[in-house]
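Fold and geometry: a report
One letter stands for each residue in the lines below.
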Amino acid sequence: MKKIGSILAAAMLLLLAACGGSENNAAKSKKGTDKIIFADAGWDSIRVHNEIAQKILEEGYGYKTDATAGSTSATLQGLRKGDIDVYMEVWTDNVKDVYEDAVKSGDIIKTSVNFNDNDQGLYVPSYVIHGDKERGIKPLAPDLKTVEDLKKYPEVFADPEDPERGRVINAPSGWVVADHIDAKFEAYGLDETLNNFMPGSDSAIVASLVDAYKSGKGWVGYYWSPTAITAKYDLVLLEEPEYDEKIWEETKKTQFPPNDVVTAVNKNMPERAPEAVEFLKNYETSSALTEAALKYMEDEGASAEETAIWWLKEHEDVWTKWIPEDKAQKVKEAL
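Residues numbered from 1 in each chain as written. Predicted model: local features only at pLDDT ≥ 70, side-chain atom pairs only at ≥ 80, totals over all residues. Heavy atoms only, no water.

Let's shift gears to a negative patch on the surface. Residues Asp97, Glu100, Glu242, Asp244, Glu249 and Glu250 make up a contiguous surface patch of negative charge. Listed by contribution, the elements that provide at least two residues to the negative patch are helix H4 (96-105) and helix H9 (245-250). Note that glutamate 100 resides in helix H4. (Patch = residues over 30% accessible without salt bridge, like charges linked within 9 Å, V, L, I, M, F, W, Y side chains within 5 Å. Areas by Shrake-Rupley, 256 points an atom, 1.4 Å probe, with all protein chains shown as cover. Salt bridge = Lys/Arg side-chain N within 4 Å of Asp/Glu carboxyl O. Lys, Arg positive; Asp, Glu negative; His and termini not counted. Charge placed at Lys NZ, Arg CZ, Asp CG, Glu CD. Helix = DSSP H or I, 4+ residues; strand = E, 2+ residues; numbered from the N terminus.)

Written as structure tokens, this is what we have:
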């Protein structure tokens with residue numbers, strides 16, 4: 001009986017060892033193939049920054065990467081939960097409460113300021129105010145200066161579906177900033193003469209602007225810089241009172257708050273992919289660098305990936321400072 005017991009005990013030890021080994025191998029296998037997931041929140045600049053970072057992580061470090069698309073709210077929630085690992089453009093003041101709560105709770109970690117020299121708000125083509133002699137366009141609203149002035153000019157921005165009123169193009173549904181424009185609409189009394197139109201996507205905003213611009217018609221809508229659109233077209237950002245935090249919190253009747261556009265990661269990333277996090281801590285560009293990429297993307301009809309490759313080749317002096325020399329060499333060879 002003792003002999004049988006010893007045999008059984010030895011067999012159990014072998015079984016446990018085998019199971020433990022299997023679990024360890026599975027964990028190693030998962031770690032070796034697990035992808036770093038980036039947030040695609042729906043605009044071109046975040047897609048380009050995603051591709052730049054993905055190229056560096058894949059070619060320089062050997063990580064596998066992917067991106068998950070969704071609205072700002074959905075992707076930020078995904079970042080907090082760990083369904084998404086990296087966010088290359090958190091416009092911090094557009095999502096201030098959610099962002100600050102996520103950082104405070106430790107769910108996400110800010111890694112760097114990608115860029116902070118940006119603008120956003122309601123834009124009109126320059127010819128609306130100043131005209132365009134070359135195109136034979138006279139000023140449509142020469143005294144237009146501020147967002148509040150818009151309500152004086154419904155005929156300039158006539159809504160094609162409601163010609164007696166004007167139309168302001170809001171941000172797409174699902175973008176947090178759309179709620180801010182809604183609040184401004186009420187605060188400035190724009191709803192007296194103008195309709196608040198919610199487009200389906202960023203591309204829908206661009207299409208409406210381009211159509212109006214080509215025909216020299218009035219157009220007003222939400223946009224931001226850096227973008228290919230603000231680089232390519234002569235646009236004017238309408239004035240608002242200087243940013244005041246208290247008024248902003250109450251009514252949004254001021255300029256948009258100064259916006260640090262940051263990179264951030266899920267709380268588990270420092271342990272999961274420490275080298276990736278170290279790289280992202282050094283990731284820093286500017287509106288000019290971002291706009292250069294977006295202009296190339298627009299002019300060449302390039303994809304985000306093609307644009308990232310062009311940008312990495314054009315701005316080697318920038319990104320090679322973010323990573324060790326041996327990693328940079330691998331990326332250069334891959335390019």
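For the coordinates displayed, the defined rule picks out 17 aromatic pairs. Their ring planes at 80° and their centres at 6.0 Å tell us that tryptophan 91 and phenylalanine 115 sit as a pair that is edge-to-face. Note that tryptophan 91 is positioned in strand S3 (residues 86-91) and phenylalanine 115 in strand S4 (residues 108-115), a separation of 24 residues in sequence. Its relative accessible area of 2% is what places phenylalanine 115 among the buried residues. Plain terms: the ring middles of tryptophan 311 and tryptophan 322 are 6.1 Å apart, the flat faces sit at 20° to each other, and that makes the pair stacked. Of this pair, tryptophan 311 sits in helix H13 (residues 304-314) while tryptophan 322 sits in the loop between helix H14 (316-319) and helix H15 (325-334); the two residues are eleven residues apart in sequence, bridging distant segments of the chain. You'll find tryptophan 311 and tryptophan 322 in the same group, each marked buried. (Phe/Tyr/Trp six-rings, centres within 6.5 Å; stacked < 30°, edge-to-face > 60°. Buried < 20%, exposed > 50% of the residue type's maximum accessible area, 1.4 Å probe, protein only.)

All right, on to the packing of helix H2 (residues 44-61) against H15 then. The geometry of H2 relative to H15 is characterised by a closest axis approach of 8 Å and an angle of 105° between their N-to-C directions. Comparing the axis directions of H2 and H15 gives the class roughly perpendicular. Where H2 approaches H15, its residues Ile56, Glu59, Gly60 and Tyr61 are matched on the opposing element by Lys327, Lys330, Val331 and Ala334. (Axes fitted to C-alpha atoms, helices over the stretch in contact; angles between N-to-C directions. Parallel < 35°, antiparallel > 145°, perpendicular 65-115°, else oblique. Contact = heavy atoms within 4.5 Å.)

Attention shifts here to the pattern of salt bridges. Scanning the model with the defined rule gives 21 salt bridges in all. Taken together, the salt bridges that share partners define one network made up of Arg80, Asp101, Asp107 and Lys267.

Looking now at empty space enclosed by the protein. Applying the stated criterion to the full structure yields one cavity of 30 Å³ or more. Each pocket or cavity is described by its volume, and for the largest cavity that value is around 170 Å³. Lining the largest cavity are 14 residues, with Trp43, Thr72, Trp91, Asn94 and Trp175 positioned closest to its centre. When residues of the lining of the largest cavity are traced back to their parent elements, those giving at least two are S3, helix H6 (176-187) and strand S9 (221-225). Counting residues per element, the lining of the largest cavity draws most heavily on S3, at four residues. (1 Å grid on protein atoms, 1.4 Å probe; cavity = no way out; pocket = protein on both sides within 12 Å on 5 of 7 lines; lining within 4 Å. Points joined across faces, edges and corners; volume = space filled by probe spheres on them.)

This part is about unusual backbone geometry. The omega torsion across serine 225 and proline 226 is 15°, close enough to zero to call that bond cis. Looking at where proline 226 falls in the secondary structure, it is placed in the loop between S9 and helix H8 (228-232). At lysine 252, a position not held by glycine, the phi torsion is positive, near 70°. By the element assignment, lysine 252 lies in the loop between H9 and strand S11 (261-266). Under the relative-accessibility criterion, lysine 252 is labelled buried at 14%.

This brings us to the confidence of the model for the chain. Predicted coordinates in areas of low pLDDT are best not read in detail. Overall, the predicted model of the chain reaches an average pLDDT of 90, with 90% of residues at or above 70. Between residues 1-33, whose pLDDT stays under 50, and residues either more than four places distant or in other chains, the model counts two contacts. (pLDDT = per-residue confidence, 0-100.)

Attention now goes to the nonpolar core. Core analysis: the biggest nonpolar cluster contains 96 residues, and Leu144, Leu150, Phe279 and Trp322 have the highest contact counts within it. With seven residues, the top contributor of residues to this core is H2. Each residue touching leucine 150, except ones within four places of it in the same chain, is listed here: Leu122, Leu144, Phe157, Leu190, Leu194, Val220 and Leu238. (Core = buried A, V, L, I, M, F, W, Y, C linked by side-chain atoms within 4.5 Å.)

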